[in-house]
Amino acid sequence: MSYEIMKKNIERAQQEINGKKDKVKNGKMRQHYHFMAQTGWLNDPNGLIYFQGKYHFFYQYNPYHGFWEWMHWGHAVSEDMLHWEYLPLALAPSESYDDHLRGGCFSGSAVEMDGKLYLVFTAATNEGRGFEQTQCVAYSEDGIHFIKYDGNPVLTAPKGVAKDQFRDPKVWEHEGVYYLVCGASHGNRAQALLYRSKDLYHWEFFSVLAESRGEWGSMWECPDFYPLGEKYVLTFSPMGAGDHTAVYFTGDFDYNTGKFDCRVTGEIDWGLDFYAPQSFQAPDGRRIIVGWSNEWEWMPQWKDWGPTYKEGWCGFFNIPREVRMLSDGTLQFLPVREIRALRKDVWDRDELAVTEDGVALSAGDGICFELMMEIDLMETNAGRLELDLRCGNGRKTACVFDFENAELRVDRTNADGWSEGVSRSVMYLKGKKGLDVHVFSDQSSLEIFTDQYRNNHSNNVFAPSEQNLLSIRAYGGTAVIKDIMTCGLKDACHS
Ligand code: FRU
């Protein structure tokens, strides 16, 4: 019976998508190589997995309009993380535990067991006792059509944890045992709770993997935990921790005690649009993360979700990034190498001396492009270097390398007549000879990677296509730029 209700709700959603997708496809703000849904609202990446020869991306999804509501799980598959085939929705609200307009099938993860694909997700509802979040399971033989487990929910909030702040299970297998890390709020402080199970249905509490003592906020959304070499990485998006949107902790983990000894903390991305990343392992062993390129209304720098709702859609993922660890325990986040296959019209230049006169650069069509360069810190005596992107109509997004104040800023004050805000991070240059910079520009976003992919800024920019110029200018001296490469990008994922 309950299977029938979900099936009906998926069919209804599918009709809605089919009716709108051709119109939405022509929206002027649509991205060209970032992952998006066909229509409607998308937020977190869910259930990322390589299964039966394909990458599966699921996503928090409201197919009905461009705002968050009544969460479903969308589903798409790809062989290269760039070109996507949309599949029928995987989950729709259908049960008393997940059927609510301000609830639904919230974030979760996917895991393979005995050749079948399992989704473990948060069900969010309100049956008159306030909002409640529980963890539930759905399974599939073919990786396309899912059935919710009859015995749901499989996990409810433990004593002391707020019933409406217990969500986003990330599951993995280790030596025949399944582990699940879940975000929770206990006494208004955030926790990552660790559970274990032999069958994905029966879970026992194992440990508090990590918790906030106040400094890391009141709730951690979308926690994730994975090995990287000999070490372990915990990531989450904290609520109530100021401007932090996506944080990592690295350290040692002991499966005997469930204890995580965290030694290093850092920011995955300092931009205003990088949230709720989830990781998965590629068949070649790479650890890849994908984030949602936006933020929530409760965050200090939030303005709105951008103007794309007018085109009947909202939301895209950031470029998938490979995670690597350096010997000091800090993490690098490199755009996956698959994306290099999209390069066209490559333009190289060995060296460029930049002064206050500025230099116009050319990169693809000035909208979808890559730019790589190295700032020669030994030869540079300027106080500040400004890379202006998506310029035109008197507007620009300024990426400022402020050497005097050792700060990197991406300034959207005059970006597009819509966006606002300045993202900032410390630019640590002591002892360095050069600073590497890598920019990805797509129709509606800019991703800027620096300092060996450790100091990164993702920001959405909704500039019209007439804003297609870029230039670079130094203030208070000369800046020397080396090994410049720019290229255009083929329209990859959406035709
Ligand atoms: C994070 C989040 C999750 C939740 C989902 C709801 O962006 O708030 O905690 O499961 O979005 O769509």
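Residues numbered from 1 in each chain as written. Predicted model: local features only at pLDDT ≥ 70, side-chain atom pairs only at ≥ 80, totals over all residues. Heavy atoms only, no water.

### Side note on the sheet that holds strand E32 (residues 469–475)
So the rule is basically this: Any two strands between which DSSP finds at least two bridges are classified as paired. Secondary structure is summarised from DSSP: a helix means a run of H or I of at least four residues, a strand means a run of E of at least two, and numbering begins at the N terminus for each. For every element, the axis is a line fit to its C-alpha atoms; helices are fit only across the contacting stretch, and the angle between N-to-C directions ranges from 0 to 180 degrees.
One open sheet holds the six strands; their spatial order is E23-E32-E25-E26-E27-E28, and the pairing between them is antiparallel. Edge positions in the sheet fall to strand E23 (359–361) and strand E28 (422–426), since each of these pairs with one other strand and no more. Across the sheet, the axes of successive neighbouring strands diverge by a mean angle of 15 degrees, strand direction being ignored. As paired strands, strand E25 (residues 384–392) and strand E26 (residues 395–402) are joined by seven bridges and run antiparallel to one another. Bridge assignment links Leu385 to a residue of E26, and that residue is Phe401.

### Re the site of the ligand
Definition in use: Nearness of a residue to a molecule or strand requires only that one of the residue's heavy atoms be within 4 Å of it. Here a polar contact is taken to be a pair of N or O atoms separated by no more than 3.5 Å, where protein atoms must pair a possible hydrogen donor with a possible acceptor and residues adjacent in sequence count only if both atoms sit in side chains. Surface accessibility follows the Shrake-Rupley procedure with a 1.4 Å probe radius. Residue values consider only the protein chains on display as shielding.
Asn43, Asp44, Gln60, Trp68, Met71, Phe106, Ser107, Arg167, Asp168, Glu221, Tyr275 and Trp296 make up every residue found near the ligand. One of the backbone N or O atoms of Ser107 is found 3.1 Å from an oxygen atom in the ligand. A distance of 2.7 Å separates an oxygen atom of the ligand from a polar atom in the side chain of Trp296. Expressed as a share of its isolated accessible area of 320 Å², the protein-covered part of the ligand is 95%.

### Topic: the sheet that holds strand E3 (residues 72–78)
Judged by pairing direction, the sheet is mixed, and its five strands sit side by side in the order E4-E3-E2-E1-E19 without closing on themselves. Two strands lie at the open edges of the sheet, namely strand E4 (85–86) and strand E19 (313–314), each paired on one side alone.

### Re the domain arrangement of the protein
How big an interface is tends to be stated in terms of the accessible area lost upon association of its parts. Spelled out, the test is: Domain delimitation in this document rests on an assignment produced automatically or drawn from a domain database. When two components associate, each loses some accessible surface as probed by a 1.4 Å sphere; the sum of these losses over both components is called the buried area. Salt-bridge detection follows one rule: a side-chain nitrogen of Lys or Arg within 4 Å of a carboxyl oxygen of Asp or Glu. Each residue receives one of three labels: charged for Asp, Glu, Lys and Arg, nonpolar for Ala, Val, Leu, Ile, Met, Phe, Trp, Tyr, Cys and Pro, and polar for the others, Gly being one of them.
Domains assigned within the protein are domain 1 (2–335) and domain 2 (343–489). Counting the surface lost from both domain 1 and domain 2, the interface buries some 2700 Å², and carbon and sulfur atoms represent 53% of this. By the criterion of area lost to domain 2, the three top residues of domain 1 are Tyr33, Trp270 and Lys303, representing 21% of everything that side buries. Run the count over domain 1 and domain 2 and you get three salt bridges. Between Arg454 and Asp328 there is a salt bridge, and its shortest N-O distance comes to 3.8 Å. Our count for the contact surface shared by domain 1 and domain 2 stands at 27 residue pairs in polar contact (both at pLDDT 80 or more). Residue composition of the side of domain 1 that touches domain 2, grouped by class: 16 nonpolar, twelve polar and ten charged.

### Topic: the environment of Gly53
Position of Gly53 among the secondary structure elements: in the loop between strand E1 (40–51) and strand E2 (54–62). For the pair Gly53 and Pro283, spaced 230 residues apart in sequence, the C-alpha separation works out to 8.8 Å.

### With respect to the pattern of salt bridges
Quick reminder of the rule: Burial status follows relative accessibility: with a 1.4 Å probe on protein chains alone, a residue under 20% of its type maximum counts as buried, one over 50% as exposed, and anything between as partly exposed.
On inspection of all chains with the given rule, the structure shows 29 salt bridges. For Glu132, the salt bridge goes to Arg129, with nearest N and O atoms at 3.0 Å. The salt bridge involving Arg263 is made with Asp261; its shortest N-O contact spans 2.7 Å. Taking the relative accessible area as the measure of exposure, Asp261 reaches 35% and is therefore partly exposed.

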